[in-house]
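Inside the fold
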Amino acid sequence: MGTYRMCGCFTRKFKIIEAAPPPDVIAAFEKYAEGGPQMTAELLHRFLVDVQWQGGAKVSDAEEILLQVLQKRHHMAKFRKHALTLDDFHHYLFSSDLNPPIDNKVHHDMTAPLSHYFIYTGHNSYLTGNQLSSDCSDVPIIKALKRGVRVVELDLWPNSTKDDVDVLHGRTLTAPVELIKCLKSIKEHAFSASEYPVVITLEDHLTPKLQAKVAQMVTQTFGKMLFRPESECLKEFPAPEDLKYRILISTKPPKEYLEAQTKKDKEKEKDSDDDVWGKEPTELTAEQEDEKTDSDASDNNQDDEDSDAFEPEIDSSRAPGYKSHIAIPGGKITGRLKEALKVEPDKVRRISLSEQALEKATVSYGTDLVRFTQKNFLRIYPKGTRFNSSNYKPQIGWMHGAQMIAFNMQGYGRSLWLMQGMFRANGGCGYVKKPDFLMNVGANGERAKLPVKKRLRVKVYMGDGWHLDFKHTHFDTYSPPDFYTKVGIAGVPDDEIMKKTKIKEDNWTPVWDEEFTFPLTVPELALLRVEVHEYDMSEKDDFAGQTCLPVSELKQGIRAVPLFDHKGEKLNSTRLLMRFDFV
């Protein structure tokens, strides 16, 4: 029962009524229960195969579902006839645990070289907030690892007494954290969400003496977990399958220590964005940010200390043992970008580009980028003016094979929702196998007009759970909420679109029963975007949950889709009932 105060002098009560199953669910039950009042395990099995496209399902799988539903709903399953009523059947379909929209198991081929995978990558992983004045801590690193992030970035600087190593965002007012504390936390939590390797990218601003100390710390902390390449130059990266429970170091070869010049704290720069959750993905390109760019894409790398451009090399003998720890060496861009993108037959490496440099590079060097990333690593990092830890559009990098799209994991908003959506694929293990078309030798990275490969039909039936996850006055002080759902695609430009349902007024369990079709030219890189909002006539619409799901992983049929809050935390009860079909 929801209670709302009216005019300050009396209250009005709204009973929260459980919505009836939608017509499609009723029709499916009647058909597969063969007109009877109950559905046995054998009949449920037929439904799983015919409607849910679960060709490998066995009768025993249906029996297990039936048992779990009866135990949860009736607590006396052993005394009941083992069959589902219509309401039981609806409960099963609306359970995100029993009937999820994607699989939660690793199912991609994990035996290809590391460069054949998109990898869940963090940027400035130690920051708790903005890029200029927030604290540095191991807490956000732990949180990221628990979410499945597989690439953690640490900026290394001498401490105040120059005898130890701190992690902080250099030349800012961020408060440091000791490197050893970060390393120990990485060791403890690296494989809490995934058994596949963790890469630590180091931005090194150390003297040779401190570099040697880092090498010692890394060796002592990780021991046998640390992967050290047998030769200085790998011809090909190992496979994730061969690197389970291993830690890899990625950094540039040793260089001279650059004295830190602390900058004055700059005023926080707010995004020019009316929506607190960020712009739509079609508006997220850096070229629309009025950035001042030079003629050569590689020049843009100089705007951030992450840059690989024009770094002086130092004889590695000055930092004994340091270079031998580097599994993924960071290369230098010492001239034109096209030269840097040449594939060397006996050497693999990593180069980094800012988000603006990538966008410029795709115009002239799209095919070169794709070819380079078939064997080598390309890391993309946010432009230096994202002081508030906002993010950018990841699809541009994915379209050109970039494995490491480095994101500010504390920068909540639509961009991060897309990143979280991509890495829900493959059981959430942090590694997603690149599509075959990006691994063909002659892959073309240019933006040519492509034909429609398949069409995704999405039906939004209904939603439930908000009354359990939110206070009854959270959306409206005086009445139940007015929910609507936005559903669409994020992917290559030709595929991107958003549509929305009608508004259902004064209802905690809205029933929309609306269908949408999305033509897809590159379904392999498409993400299904789902957002629920509460309409507000006088103010900005309220956010009521979101999710992003990789289209290539969607399970066809009627599915329960759990929703997440603006930080990407799963809401306890809120979910949608939807149907997915490829036509």
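Labelled according to an unreviewed UniProt entry, the protein chain appears under the name Phosphoinositide phospholipase C, originating from Gossypium barbadense. Here the protein chain is described in UniProt, under the heading Subcellular location (unreviewed entry), as follows: "Cell membrane". In its Cofactor (unreviewed entry) section, the UniProt entry covering the protein chain states "Ca(2+)".

1. As for the overall build of the protein chain
In terms of regular secondary structure, the protein chain is built from 13 helices and 23 strands. When burial is assessed residue by residue, the protein chain has 58% of its 583 residues classed as buried. Long-range pairs, those at least 24 residues apart, make up 75% of the contacts in the protein chain between residues at least 6 apart in sequence. Put simply, the protein chain shows about 25100 Å² of open surface, and 49% of that area lies on carbon and sulfur atoms.

2. Quick notes on a nonpolar patch on the surface
A surface patch of nonpolar side chains, about 330 Å² in accessible area, is lined by Ile503, Tyr535 and Met537. In this structure Ile503 comes out as partly exposed when scored by relative accessible area, which is 36%.

3. Things to note about the packing of aromatic side chains
Considering all chains together, one arrives at 17 aromatic pairs under this definition. Between Tyr32 and Phe47 the ring centres are 5.8 Å apart and the planes differ by 75°, which places this aromatic pair in the edge-to-face class. Here the residue Tyr32 occupies a position in helix H1 (residues 23-32), and Phe47 occupies one in helix H2 (residues 41-50), the gap between them amounting to 15 residues. With a relative accessible area of 0%, Phe47 lands in the buried category. Summarising the aromatic geometry, the rings of Phe47 and Phe89 are spaced 5.0 Å apart at their centres and angled 75° between planes, so their arrangement reads as edge-to-face.

4. Quick notes on unusual backbone geometry
The phi dihedral of Asn124 falls on the positive side, at around 45°, and the residue is not glycine. For Asn124, the position within the fold is in the loop between strand E5 (117-119) and helix H5 (139-146). Even without a glycine there, the phi angle at Lys162 is positive, about 65°. Tracing the backbone through its elements, the reader meets Lys162 in the loop between strand E6 (151-158) and strand E7 (165-167). Taking relative accessible area as the criterion, Lys162 reaches 45% and is therefore assigned partly exposed.

5. Section: the pairing of strand E13 (residues 377-381)
When you tally the buried positions in E13, you get five out of five residues, the bulk of the element. Side chains Phe377, Arg379 and Tyr381 project from E13 onto one buried face, and the interleaved Leu378 and Ile380 project onto a second face that is buried too. Pairing geometry for strand E12 (residues 350-354) and E13, over five bridges, is parallel. Across the sheet, the residue bridging to Leu353 is Ile380, located in E13.

Parameters and conventions
Residues numbered from 1 in each chain as written. Predicted model: local features only at pLDDT ≥ 70, side-chain atom pairs only at ≥ 80, totals over all residues. Heavy atoms only, no water. UniProt positions renumbered as here; feature names shortened; annotations may be inferred. Helix = DSSP H or I, 4+ residues; strand = E, 2+ residues; numbered from the N terminus. Buried < 20%, exposed > 50% of the residue type's maximum accessible area, 1.4 Å probe, protein only. Contact = heavy atoms within 4.5 Å. Areas by Shrake-Rupley, 256 points an atom, 1.4 Å probe, with all protein chains shown as cover. Patch = residues over 30% accessible without salt bridge, like charges linked within 9 Å, V, L, I, M, F, W, Y side chains within 5 Å. Salt bridge = Lys/Arg side-chain N within 4 Å of Asp/Glu carboxyl O. Phe/Tyr/Trp six-rings, centres within 6.5 Å; stacked < 30°, edge-to-face > 60°. Pairing = 2+ DSSP bridges.

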